[in-house]
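Chain by chain, the residues run as shown.
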Amino acid sequence: MKKAILFMIISTFSFTLMNAFVKYLSNYPTFEIVFFRSVGSLILGTTYILAKGISILGNQRKLMVFRSFAGLTAMSLFFMSLQYLPVGTAVSLRYLAPIYAAIFAIFLLDEKLRTIQWFLFLLAFSGVLMLKGFDQELNTTGLLLVLTASVFSGLVYVIIRKIGRRDHPLVIVNYFMFIGTLIGGILCINGWVKPEGIDWLRLFSLGIFGFFGQVFMTKAFQIAKTNLVAPLKYIEVVFTILVGVSWFGDVYTLWSLIGILMIIVALTANVIIGRR
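Here goes a summary of the coordinates provided.

Calculation notes
- Counting restarts for each chain: residues are numbered from 1 in the order of the written sequence.
- Residue-level local features of this predicted model are given only where pLDDT is at least 70; pairs of side-chain atoms are given and counted only at 80 or more, and the full residue set underlies all totals for whole chains, interfaces and linings.
- The basis for every side-chain value is the complete set of heavy atoms in the structure, and neither hydrogens nor water enter the calculation.
- Secondary structure elements follow DSSP: runs of H or I no shorter than four residues count as helices, runs of E no shorter than two count as strands, and numbering proceeds from the N terminus.
- Between the two quantities, the radius of gyration covers C-alpha atoms and the globule rule is 2.2 Å times the number of residues to the power 0.38.
- Relative accessibility thresholds used throughout: buried, under 20% of the residue-type maximum; exposed, over 50%; partly exposed, between the two (1.4 Å probe, protein chains only).
- We get accessible surface area from the Shrake-Rupley algorithm with a probe of 1.4 Å; when it comes to residues, only the shown protein chains can shield them.
- Residues counted as positive are Lys and Arg, residues counted as negative are Asp and Glu, and His and the chain ends are not counted.
- To locate a charge, take atom NZ for lysine, CZ for arginine, CG for aspartate or CD for glutamate.
- In this description, a nonpolar core means a group of buried Ala, Val, Leu, Ile, Met, Phe, Trp, Tyr and Cys residues linked to one another through side-chain atoms lying within 4.5 Å.
- Should any heavy atoms of two residues lie within 4.5 Å, those residues are considered in contact.
- Between Lys or Arg on one side and Asp or Glu on the other, a salt bridge is scored when a side-chain nitrogen of the former is within 4 Å of a carboxyl oxygen of the latter.
- Note on aromatic pairs: the rings of Phe, Tyr and Trp (six-membered ring only in Trp) are paired at centre separations within 6.5 Å, and the planes decide the class, stacked below 30 degrees, edge-to-face beyond 60, tilted for the rest.
- Definition used: whenever NZ (Lys) or CZ (Arg) falls within 6 Å of the ring centre and also within 35 degrees of the ring normal, the charge is taken to sit over that ring.

## Focus on the overall build of the protein
Here's step 1: A count of helical and extended segments in the protein gives 12 helices and zero strands.
Here's step 2: Relative to the 2.2 N^0.38 estimate, which gives 19 Å for 276 residues, the radius of gyration of the protein is 18 Å and therefore close to what a compact globule would have.
Here's step 3: Overall size of the protein, expressed as C-alpha extent along the three principal axes, is 45 × 40 × 35 Å.
Here's step 4: The buried share among the 276 residues of the protein stands at 52%.
Here's step 5: When the accessible area of the protein is evaluated, it comes to approximately 13400 Å², of which 68% is carbon and sulfur surface.
Here's step 6: With 23 positive and 10 negative side-chain charges, the protein shows a separation of 14 Å between the mean positions of the two kinds.

Structure, rendered in structure tokens:
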């Protein structure tokens with residue numbers, strides 16, 4: 001368990017740095033950021049897969065392509081939202097995805113929810129309403145973008161569950177990164193902004209941080225029980241708020257922090273109850 005906690009801390013900190021650099025790079029077109037985020041992870045992922053002798057094409061190819069387009073939509077909308085929202089708020093709202101995943105699972109996987117889980121979902125949404133209702137600085141455009149991103153992220157979770165263990169996790173991620181590189185590369189051609197100086201390093205680091213975030217998260221889930229590891233994902237929210245305050249001068253009102261706390265508590269409890 002100690003090793004799993006360490007892996008999750010490394011994972012969440014990697015994702016935090018990736019999100020922070022995306023915020024830094026918000027003056028670049030979204031799909032240019034998507035391209036660099038994807039191509040770095042694609043190179044690392046492909047190298048690892050080939051070195052381990054894993055089948056790079058996988059088995060559930062149609063589902064993995066579908067997952068890739070849903071994931072690309074979620075990632076693009078989330079990156080756009082960072083232009084309008086404090087990074088900690090955006091990350092907190094993106095974590096509403098498990099709610100939408102549970103709803104999608106009812107219809108697509110014939111799964112059922114317990115009454116207390118519906119209550120916890122209501123509590124999480126109440127946190128969103130508190131964020132918007134009491135924090136007048138919260139941008140409506142950014143809010144709509146990140147909420148839509150979380151819907152598509154929820155769909156991604158369900159598709160991955162549908163794929164199950166029939167394909168290696170890194171093969172699933174590699175499909176996503178290939179589609180992201182291809183579509184991001186095509187869509188950023190017309191609006192390409194040439195990176196200058198240290199921005200080259202920041203752009204290429206997106207794929208590195210994203211890759212290691214994914215790898216260490218996978219390792220944590222492989223060596224410890226899911227209901228113990230999954231709530232640790234929300235450490236990312238704490239890291240991101242701290243980075244937002246110290247790097248970008250983000251300001252959080254008391255109501256904002258209460259709303260974020262409601263979301264984290266509700267979703268953490270749902271993970272634990274759902275796994276039982």
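This is not the end of the story, as more comes after the structure.
## Section: the side chain of Ser-205
Here's step 1: Mapped onto the elements, Ser-205 comes out in helix H9 (residues 199-223).
Here's step 2: For Ser-205, a relative accessible area of 9% corresponds to the buried category.

## Focus: the nonpolar core
A general tendency of soluble globular proteins is for nonpolar side chains to be buried together.
Here's step 1: Core analysis: the largest hydrophobic core is formed by 52 residues, its most contacted members being Phe-78, Phe-79, Leu-93, Leu-96 and Leu-206.
Here's step 2: Here this core gets six residues from one element, more than from any other, and that element is helix H12 (residues 254-275).
Here's step 3: Excluding residues that lie within four positions of it along the chain, Leu-93 makes contacts with Val-128, Leu-131, Leu-143, Val-146, Ser-150 and Ile-263.

## Let's talk about the side chain of Ser-38
Here's step 1: Inspection of the secondary structure puts Ser-38 in helix H2 (residues 30-51).
Here's step 2: When near neighbours in sequence (up to four residues on either side) are disregarded, Ser-38 contacts Met-75, Met-177, Gly-180 and Thr-181.

## So, the pattern of salt bridges
Here's step 1: For the coordinates displayed, the defined rule picks out two salt bridges.
Here's step 2: Close ionic contact of Arg-94 with Glu-236 constitutes a salt bridge, the shortest N to O distance being 3.0 Å. Of this pair, Arg-94 sits in helix H4 (residues 87-94) while Glu-236 sits in helix H11 (residues 235-248), and the two are 142 residues apart along the sequence. Judged on exposure class, the residue Arg-94 and its partner Glu-236 are both buried.
Here's step 3: With its nearest N and O atoms 3.1 Å apart, the salt bridge here joins Arg-202 to Asp-199. Of this pair, Arg-202 and Asp-199 both sit in helix H9, three residues apart, roughly one helical turn.

## Let's talk about the environment of Phe-239
Here's step 1: Its place among the elements puts Phe-239 in helix H11.
Here's step 2: Judged by its relative accessible area of 21%, Phe-239 is partly exposed.
Here's step 3: Residues Phe-239 and Ile-116, spaced 123 residues apart in sequence, show a C-alpha to C-alpha distance of 29 Å.
Here's step 4: Setting aside residues no more than four positions away along its own chain, Phe-239 makes contact with Ile-9, Thr-12, Phe-13 and Thr-16.

## Observations regarding the packing of aromatic side chains
Here's step 1: If you walk through the whole model with that rule in mind, you get 16 aromatic pairs.
Here's step 2: Residues Phe-36 and Trp-192 carry aromatic rings whose centres are separated by 5.9 Å and whose planes lie at 35° to one another, so their mutual orientation is tilted. Of this pair, Phe-36 sits in helix H2 while Trp-192 sits in the loop between helix H8 (169-187) and H9, and the two are 156 residues apart along the sequence.
Here's step 3: For Phe-36, a relative accessible area of 2% translates into the label buried.
Here's step 4: Each member of the aromatic cluster is reached from another via a ring pair, and the members are Phe-21, Tyr-24, Phe-209, Trp-247 and Phe-248.
Here's step 5: Above the face of the Tyr-24 ring, Arg-202 is positioned so that its terminal group lies 4.8 Å from the ring centre.

Remember that the coordinates give geometry; whether it matters functionally is a separate question.
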